[in-house]
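Residue strings, one per chain:
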Amino acid sequence: MTTEPPLWTPSAERIAALPLTAFRVEAERRAGREFASYGDLHAWSVAAPEAFWDLVWDFCGVVGDKGGTVLADGDRMPGAAFFPEARLNYAENLLGRAGKGEAIVFRGEDKVERRLTWAELEALVSRLQQLFASLGVKAGDRVAAMMPNMAETVAAMLATAALGAVWSSCSPDFGEQGVLDRFGQIEPAVFIVPDGYWYNGKAIEVGDKVAAVAAKLPTLKKVLVVDYLGTAQDVAAGITGAEALEDAIRPFAVGKVRFERLPFSHPLFILFSSGTTGIPKCIVHSAGGTLLQHVKEHRLHAGLVEGDRFFYFTTCGWMMWNWLVSGLASGATLLLYDGSPFYPDGNVLFDYADAEKMTYFGTSAKFIDSVRKAGLRPIDSHDLSTVRTISSTGSPLSPQDFRFVYDGIRKDVHLASISGGTDIVSCFVLGVPTEPVWEGEIQGAGLGMAVDVWDDEGRPVRQEKGELVCTKPFPAMPIGFWNDADGAKYRAAYFERFDNVWCHGDFAEWTAHGGIVIHGRSDTTLNPGGVRIGTAEIYNQVEQMPEIAEALCIGQDFDDDVRVVLFVRLAPGVKLDEALEKKIRTRIRTGASPRHVPARIVAVTDIPRTKSGKITELAVRDIVHGRPVKNKEALANPEALDLFKDLPQLAS
């Protein structure tokens, strides 16, 4: 833990203007007592869940019939039911702002730019909803999209949700089998695709892949091809049952969107686990739980207010897309970007931030690290004066990259490292805009989230590593998994480790400041000599070295124990010789501990990643141990796995 002062502390004026401050005042009024700190407010939110979530509904202006019960069976996890009498529609909460103000700005690299006002977005949703209804789509049916992160994708999702149908999406760079592994399980009625997409300055065509996928989805009533490259009609002509979107909606005049109000627990999204250990799990999220959790996180933790310019760099295959689009419910303008964040160079997202007066800049820890390693300093080259918050997720943000944000990007900014996942389509721990930012630490647990860190015996620990758990129910728990009628797979995924407690699978540690550090996934923690250590602690050391471009670490079963193996992708012109190995080991020994020092260090030319950019430690571990990787389609670069097969360095 650092003894240095915080990297950033919010001003009194900034704190006074925050929605979180107004929320605290109202919470004090309802609770009949003062909350002297965020910790006090959080403790109340967990101890009095009915009062807390009732206030979230009212404060965030949720549209719908609340009903008289906030929480039923609140001692059961799973089994608790939030707002069991409520009726609402997710899309109704995101639309309804009339006028010419911008709802969505879209950039597809430097090739395409489009803008939609609130009125234009609602008009497009109206026509799409009528189209879906004409195809027989009804509440509970599935609409699947293999789409770029563009305005039409958001509109199609809203039209789906307005009907009470269920939305599921992935990005267009998935291979044929990767798409079928996901959508083949959920039997969609409609499949929405682009005519292609831009990446790294190149037009990527997808027509042949779409035709192959559609032929293997027998439940489809229609394939809709969205124009991006200017070839939608030509692409649609080559696919059975396909039509260009513009042609399909032409018969439908703009009207008022019809919102089907349904139970709080009605399914809204199906998201997919991105792991490479088997066919992806289909995780079903509710309309009410998703909405309530997102507006709480956006308004109270992200500080969103009407008119904000809200950006997250994400694809439609990552839960951060779902999180981003909910920003419409707070009256924010969505700034969408699709393509490479380094085309034509690493300044493109910062250029976008300046051009569009971005207020919330969301990205991945990997992007921040890549900007630093590229030697870029946006603080010197860009204005960025409108950016209040920079948010990072996807993997733990290293202490060095915490410092870089303030040294190299912007000094007066709320750096919100956040962590949660596809499993809850939201966060367990995240930014707290009233509190200081400390190097290497996530600021705290989300309001209403009974987050803790437990040891293997289920005892809470402080300033020790353990399992991240949530000890009380929360609205964004999944409804369940698709095709898991008795709930056995759902319970096994989260509730078998500790009875009636959500065990998330993250290796975590509370800090002296009340913040939290995520040390990596529990299933990728290393156990040399029976002592658990986190891979993130190793990455934090070696990835600061200029010789190392990136690293991946696993535990190899060897000689009746587990030994630490570190794979490194070296910077251009660097060779892994004895001197560099010694330097790496010294760095890890002094920066982490002697237990973290790898037994073997192996240079590789590439490291496998999922489509959302996460390194795949489990897949590499399987390859090293001679086990098959069952879901290579989840990987962006599956060919990289071949680099880890039968390595002579690991044979002895």
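Here, every reference points to the structure presented above.
Bear in mind the structure is a predicted one, so any value in this text is a computation, not a measurement.

(A) Expanded view of the overall build of the protein. Scanning the protein from terminus to terminus reveals 21 helices and 32 strands. Relative to a compact globule of 652 residues, whose C-alpha radius of gyration would be 26 Å, the protein shows 24 Å and is just as compact. Taking all 652 residues of the protein together, the buried fraction comes to 60%. Within the structure as shown, the protein displays about 24100 Å² of accessible surface, and the carbon and sulfur contribution to it stands at 49%. Of the side chains in the protein, 67 bear a positive and 84 a negative charge, and the two mean positions are spaced by 0 Å.

(B) Here's a closer look at the pairing of strand β29 (residues 516-521). Judged from the four bridges that link them, strand β28 (residues 502-510) and β29 form a sheet pairing that is antiparallel. Each bridged residue has a counterpart across the sheet, and for W510 the counterpart in β29 is I516. With antiparallel pairing between neighbouring strands as the criterion, β28 and β29 make up a hairpin whose turn holds five residues, including G514 at a positive phi of roughly 85°.

(C) Expanded view of the packing of helix α8 (residues 176-186) against helix α9 (residues 207-214). In contact at an axis separation of 10 Å, α8 and α9 are set at 35° when each is read in the N-to-C sense. Between α8 and α9 lies a crossing of right-handed hand. Facing E176, V179 and L180 of α8, the residues of α9 in contact are K209, A212 and V213. Considering only residue class, the contact of α8 with α9 consists of four nonpolar, no polar and two charged.

(D) Region of the structure containing unusual backbone geometry. Residues M77 and P78 are joined by a peptide bond in cis, for which omega reads 0°. Looking at the secondary structure, you find P78 in the loop between β2 (71-72) and β3 (81-82). At D73, a position not held by glycine, the phi torsion is positive, near 55°. Along the chain, D73 turns up in the loop between β2 and β3.

(E) Up close: the pattern of salt bridges. Applying the stated criterion to the full structure yields 44 salt bridges. For D54, the salt bridge is made with K66, and the minimal N-O distance between the two is 2.8 Å. Here K66 lies in the loop between β1 (64-65) and β2 and D54 lies in helix α4 (residues 49-59), a separation of 12 residues in the sequence. Residue classification places D54 among the buried positions, given a relative accessible area of 18%.

(F) Just helix α12 (residues 287-301), in detail. Look at α12: 20 Å from first C-alpha to last across 15 residues, which is about the 21 Å you get at 1.5 Å a residue. One side-chain oxygen at the N-terminal end of α12 lies 3.0 Å from the backbone nitrogen of G289; it belongs to S286. At the C-terminal side of α12, G303 shows a positive phi close to 70°.

(G) Spotlight on the environment of C282. Turning to its location among the elements, C282 is positioned in strand β16 (residues 282-286). Assessed through its relative accessible area of 2%, C282 is described here as buried. Excluding residues within four positions of it along the chain, C282 makes contact with Q185, I186, I270, L271, F272, G480, F481 and W482.

(H) Region of interest: the sheet that holds strand β19 (residues 360-364). In space, the seven strands of this open sheet follow the order β6-β5-β18-β17-β19-β20-β21, with mixed pairing throughout. Since the sheet does not close on itself, it has two edges, and those belong to β6 (112-117) and β21 (414-417), each with one partner. Across the sheet, the axes of successive neighbouring strands diverge by a mean angle of 15°, strand direction being ignored. Pairing geometry for strand β17 (residues 309-312) and β19, over three bridges, is parallel. What sits directly across from F310, in β19, is Y360. Against the sheet, helix α17 (residues 399-409) contacts β20 (389-393) and β21, and its axis sits at roughly 150° relative to β21.

(I) Quick look at helix α21 (residues 617-624). α21 sits mainly inside the fold: six of its eight residues count as buried. Check the buried side of α21 and you find it contacts α19 (535-542), β30 (548-558) and β31 (561-570).

(J) Region of interest: the nonpolar core. Core analysis: the largest hydrophobic core is formed by 132 residues, its most contacted members being Y90, L121, F132, L158, F191 and I192. No other element matches the 10 residues that helix α7 (residues 151-163) contributes to this core. Setting aside anything within four residues of it in sequence, one finds F132 in contact with V137, A156, A159, T160, L163, V190, I192 and L224. A551, V620, V629 and L641 belong to the second-largest nonpolar core, a separate cluster that totals 35 residues.

(K) Quick peek at the sheet that holds strand β4 (residues 87-88). Pairing is antiparallel across the open sheet formed by three strands, whose spatial order is β1-β4-β14. Taken across any chain shown, the strands that pair with only one partner, and hence form the sheet edges, are β1 and β14 (262-263). The pairing of β4 with β14 spans two bridges and is antiparallel. Directly across from L88, in β14, lies its bridge partner L262.

(L) Representation of the environment of V179 within the structure. Mapped onto the fold, V179 is located in helix α8. It is 36 Å that separates the C-alpha atoms of V179 and L447, two residues lying 268 residues apart in sequence. In contact with V179, not counting residues within four places along its chain, are M146, C170, F174, G184, F191 and V213.

(M) Broad picture of the packing of aromatic side chains. On inspection of all chains with the given rule, the structure shows 37 aromatic pairs. Note on Y490 and Y494: the rings are 5.8 Å apart at their centroids and 75° apart in plane angle, and the pair reads as edge-to-face. Of this pair, Y490 and Y494 both sit in helix α18 (residues 488-494), four residues apart, which is roughly one turn of the helix. Since its relative accessible area comes to 6%, Y490 is described here as buried. Of the residues examined, Y494 reaches a relative accessible area of 4% and is grouped as buried. Put simply, the rings of F311, F313, Y337, F342, F350, Y352, F361 and F367 touch in pairs and so form one group of aromatic residues. Looking at R97, its charged tip hangs above the ring of W118, at a distance of 5.7 Å from the centre. For the cation-ring pair, R563 lies above F558, with the distance from its terminal atom to the ring centre recorded as 3.7 Å.

Cut-off values and rules
- Residues numbered from 1 in each chain as written.
- Predicted model: local features only at pLDDT ≥ 70, side-chain atom pairs only at ≥ 80, totals over all residues.
- Heavy atoms only, no water.
- Helix = DSSP H or I, 4+ residues; strand = E, 2+ residues; numbered from the N terminus.
- Rg over C-alpha atoms; globule rule 2.2 N^0.38 Å.
- Buried < 20%, exposed > 50% of the residue type's maximum accessible area, 1.4 Å probe, protein only.
- Areas by Shrake-Rupley, 256 points an atom, 1.4 Å probe, with all protein chains shown as cover.
- Lys, Arg positive; Asp, Glu negative; His and termini not counted.
- Charge placed at Lys NZ, Arg CZ, Asp CG, Glu CD.
- Pairing = 2+ DSSP bridges.
- Axes fitted to C-alpha atoms, helices over the stretch in contact; angles between N-to-C directions.
- Left-handed = near helix turned anticlockwise from the far one by under 90°.
- Contact = heavy atoms within 4.5 Å.
- Nonpolar A, V, L, I, M, F, W, Y, C, P; charged D, E, K, R; others polar.
- Salt bridge = Lys/Arg side-chain N within 4 Å of Asp/Glu carboxyl O.
- Expected span 1.5 Å × (residues − 1).
- Polar contact = N/O pair within 3.5 Å; in protein donor to acceptor, adjacent residues only side chain to side chain.
- Core = buried A, V, L, I, M, F, W, Y, C linked by side-chain atoms within 4.5 Å.
- Phe/Tyr/Trp six-rings, centres within 6.5 Å; stacked < 30°, edge-to-face > 60°.
- Lys NZ or Arg CZ within 6 Å of the ring centre and 35° of its normal.

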